[in-house]
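Here's the letter readout for the chains.
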Amino acid sequence: VCLFKFFVNTNDPQRIYAWAVLATNTILLIIISICYIAINISTRANSKLLTQQKTRTGQMVRKRNRQLQRKISFIIATDLVCWLPVTLASCFHSAGVIDATPYYSFISIVFLPINSVINPVVYDHSMTKKMATFCRAVVEVF
């Protein structure tokens, strides 16, 4: 498996490339977060009249808005949880605060693939329902 070299020292020739990838990823995470927040705000604004009604339609719209808000929050949170450790460890390693070399395999093999695995599950509505059922079953067991 070819893994990207995130942890670079100040004298590493790949330093600029590594920081460019991490900076691009961070900027894209911010843009994605802003877009999802805008979607949530727009959805709420467009359905405000319906959600104020005490009818069945108003209840359905409120439920749909809550589901959308949870999904958006989960997408942003999973991206943040998967990439924040990589970015922080890379910053601290590059600054000489820590030696993150021993954690490279763990971060590259555990954190980054988690994001790739979770995204299709989150975006597929039928999988979201199955995951919610699975999570409830796990919570009941423990």
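Here, the structure is the one placed above.
This write-up is about the structure you can find in this document. This one's a predicted model, so the numbers in the text were calculated from it and none came from an experiment. (Residues numbered from 1 in each chain as written. Predicted model: local features only at pLDDT ≥ 70, side-chain atom pairs only at ≥ 80, totals over all residues. Heavy atoms only, no water.)

## What to know about the packing of helix α3 (residues 56–95) against helix α4 (residues 104–123)
Operational definition: To define axes, lines are fitted to C-alpha atoms, for helices over the stretch in contact only, and angles between the resulting N-to-C directions are given on a 0 to 180 degree scale. For the purposes of this entry, the term helix denotes a DSSP run of H or I that reaches at least four residues, the term strand denotes a run of E that reaches at least two, and both are numbered from the N terminus. Orientation labels follow simple angle bins: below 35 degrees gives roughly parallel, above 145 gives roughly antiparallel, 65 to 115 gives roughly perpendicular, and whatever is left gives oblique. Definitions for this section: a left-handed crossing has its near helix turned counterclockwise from the far helix by less than a right angle. A right-handed crossing has that turn clockwise. For this analysis, residues touch if any pair of their heavy atoms sits within 4.5 Å. Residues are grouped as follows: nonpolar covers Ala, Val, Leu, Ile, Met, Phe, Trp, Tyr, Cys and Pro; charged covers Asp, Glu, Lys and Arg; every other residue, Gly included, is treated as polar.
Taken N-terminus to C-terminus, the directions of α3 and α4 make an angle of 165°; their axes are 10 Å apart at the nearest point. By the criterion of interaxial angle, the relationship of α3 to α4 is roughly antiparallel. α4 is crossed by α3, and the crossing has left-handed handedness. For the pair α3 and α4, contact is made by Lys71, Phe74, Ile75, Thr78, Asp79, Val81, Cys82, Trp83, Pro85, Val86 and Ala89 and by Ile107, Phe111, Leu112, Ile114, Asn115, Ile118, Asn119, Val122 and Tyr123, respectively. Split by residue class, the contact of α3 with α4 holds 15 nonpolar, three polar and two charged.

## Thoughts on a positive patch on the surface
To keep things clear, this is the line we draw: Patch membership requires more than 30% relative accessible area and the absence of a salt bridge. Residues of like charge join within 9 Å; the nonpolar side chains Val, Leu, Ile, Met, Phe, Trp and Tyr join within 5 Å. Here the open area of atoms and residues is found with the Shrake-Rupley method and a 1.4 Å probe, where only the protein chains shown may cover a residue. Whenever Lys or Arg places a side-chain nitrogen within 4 Å of a carboxyl oxygen from Asp or Glu, that contact is recorded as a salt bridge. As used throughout, the charge tally considers Lys and Arg to be positive and Asp and Glu to be negative, leaving His and the chain termini uncounted. Where a charge sits is defined by one atom per residue type, namely NZ (Lys), CZ (Arg), CG (Asp) or CD (Glu). Only protein chains enter the accessibility calculation, which uses a 1.4 Å probe. A residue is then buried if its area is under 20% of the maximum for its type, exposed if over 50%, and partly exposed in between.
A cluster of basic residues, Arg56, Lys63, Arg66, Arg70 and Lys129, forms a positive patch at the surface. It is α3 that provides the largest number of residues to the positive patch, a total of four residues. Tracing the backbone through its elements, the reader meets Lys129 in helix α5 (residues 125–141). A residue is classified by how much of its surface remains accessible, and Lys129, at 52% relative accessible area, is exposed.

## Structural notes on the packing of helix α1 (residues 15–46) against α3
Each pair of packed helices can be summarised by the angle the axes make with each other and by the distance between the axes. Relative orientation of the contacting elements α1 and α3 amounts to 165°, with a least axis distance of 10 Å. Of the possible angle classes, the one that applies to α1 and α3 is roughly antiparallel. Where α1 crosses over α3, the handedness of that crossing is left-handed. Classifying every residue of the contact of α1 with α3 by side-chain character gives 13 nonpolar, ten polar and three charged.

## Some thoughts on the environment of Pro102
Here Pro102 lies in the loop between α3 and α4. What makes Pro102 exposed here is its relative accessible area of 59%. For the pair Pro102 and Thr24, spaced 78 residues apart in the sequence, the C-alpha separation amounts to 25 Å.

Nothing here speaks to function; it is geometry throughout.
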